[in-house]
Amino acid sequence: MIIEPRTRGFICLTSHPTGCEKNVLNQIDYIKSKPTTDTPKKVLVIGASTGFGLASRITSAYGSNASTIGVFFEKPPTAGRPASPGWYNSAAFETQAHKDGLYAKSINGDAFSNEIKAQTLQLIKEDLGQIDLVIYSLASPVRTHPDSGERFKSVLKPIGDAFTNNTVDFHTGEVKEISIEPCSGDDIENTVTVMGGEDWQMWIDLLKSENVLAKDFKTVAYSYIGPSLTEAVYRKGTIGRAKDHLEATAFKITDALKDINGKGYVSVNKALVTQASSAIPVIPLYISLLYKVMKEEGIHEGCIEQIERLFSERLYENEIPLDDEGRIRIDDWEMRDDIQAKVLELWKEATTETLPNIGDLEGYKTDFFNLFGFNVEGVDYDKDVNEMVAIPGLQE
């Protein structure tokens, strides 16, 4: 079939297997161009199919020849209907990894559930014995609690007062004012339950209790802080409370892993176009301006560049550099004072008319469609493609 992008708001309803494959191969080539390292060797990535999680799996496999297990929740293809992009990403990664002699297997299902945790544990025991790194990169808006069966839904809302500022419809380029009403009721608690650190800790507690964590084990979860421009709706909003909980969980995990000299870390990453960030009001305009400034300065990074830097310059240093809150910071270039000052100045000038010149809306749109395998250089979108792509290491 010929697959074209069909969008609804901040979601693309279709994905392109060849485009997704090319994206993955480009990321693999990037890591292959960097020096290899000795660590890590056996890696579990929870949320392994897109964005930072996918980049972590690629960096582990091709940066240190690691064996990787990926856990994700993706929609497989059916005849005449493409899979979700993460399915095609994982298929492309595993196909290439197997060609290159690397161990790579995957589990598709709800990572919040006890069943998927148990299945993953069994696979680790059978194939790897112990693991030395767990990357936790889940970005789900809902969670069914594995113990109570209760379903929780997160919200992206400010706390206290309504928030009003500009955003951009990246499909049309229209800059417009948006107002978001403050959270109410159980919104904060529900958001923390979905996006906080409880599930991360449940994973680590289970794996440790079953003795599958190696000595000097590390685990990393991903977070974001961002600028003052977005803090009312992000870091000081409901999602910020969840990130606070996630970051506090890192210390609890470290404490629980003392006997194996294990460590839990949160890495604060740069603002990038992901399926999750596209849904956050104000962020698309901020990223459009940020991209322009960082590209002009020659310090722009995508997911793969960010994670390669995390692994090569932070995570396996003898002394890992941490901020005052104990976090790893690879948003350091984004948050440089000169970068933020330039973005703030451009923000004041941003209108529908000026944005094409002062921002990088085209870069934002390209990155958005790339997430789904579209607008990727070197792909002929007029050609028929087979939507029925299998993931070779998928466990049933």
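The rules behind these values
- Residues numbered from 1 in each chain as written.
- Predicted model: local features only at pLDDT ≥ 70, side-chain atom pairs only at ≥ 80, totals over all residues.
- Heavy atoms only, no water.
- Axes fitted to C-alpha atoms, helices over the stretch in contact; angles between N-to-C directions.
- Helix = DSSP H or I, 4+ residues; strand = E, 2+ residues; numbered from the N terminus.
- Parallel < 35°, antiparallel > 145°, perpendicular 65-115°, else oblique.
- Left-handed = near helix turned anticlockwise from the far one by under 90°.
- Contact = heavy atoms within 4.5 Å.
- Nonpolar A, V, L, I, M, F, W, Y, C, P; charged D, E, K, R; others polar.
- Buried < 20%, exposed > 50% of the residue type's maximum accessible area, 1.4 Å probe, protein only.
- Phe/Tyr/Trp six-rings, centres within 6.5 Å; stacked < 30°, edge-to-face > 60°.

Any chance you could explain the packing of helix H6 (residues 198–209) against helix H7 (residues 238–256) here in plain terms?
A packed helix pair is summarised by two numbers, namely the angle formed by the two axes and the spacing between the axes. Two elements in contact, H6 and H7, have axes separated by 9 Å at closest approach and are oriented at 15 degrees. Classed by the angle they form, the pair H6 and H7 counts as roughly parallel. Relative to H7, the crossing made by H6 is right-handed. Where H6 abuts H7, its residues Glu-198, Trp-200, Gln-201, Ile-204 and Lys-208 lie against His-245, Leu-246, Thr-249, Ala-250, Lys-252, Ile-253 and Ala-256. The residue makeup of the contact of H6 with H7, split by class, is 6 nonpolar, 3 polar and 3 charged.

What's the story with the environment of Gln-306 in this structure? I'm lost.
Tracing the backbone through its elements, the reader meets Gln-306 in helix H9 (residues 303–315). Through-space distance from the C-alpha of Gln-306 to that of Asn-269 is 7.4 Å; in sequence the pair is 37 residues apart. Other than its neighbours up to four places away in sequence, Gln-306 contacts Phe-52, Asn-269, Lys-270, Leu-272, Glu-301 and Ile-330.

Honestly, the side chain of Lys-117 in this entry has me stumped. Any pointers?
Following the sequence through the fold, Lys-117 ends up in helix H4 (residues 114–128). Accessibility expressed as a relative area gives 3% for Lys-117, which makes it buried.

Whenever I open this one, the packing of aromatic side chains confuses me. Can you help?
In this description, a pair of aromatic rings is defined by centroid distance and the angle of the planes. Following the criterion strictly, the structure yields 10 aromatic pairs and no others. Considering the side-chain rings of Phe-52 and Tyr-222, the 5.7 Å spacing of their centres and the 55 degrees angle between planes classify their relative orientation as tilted. Residue Phe-52 is found in helix H2 (residues 51–64), and its partner Tyr-222 is found in strand E11 (residues 213–223); the two are separated by 170 residues along the sequence. When its relative accessible area of 14% is taken as the criterion, Phe-52 is described as buried. Between Tyr-224 and Tyr-234 the ring centres are 5.3 Å apart and the planes differ by 80 degrees, which places this aromatic pair in the edge-to-face class.

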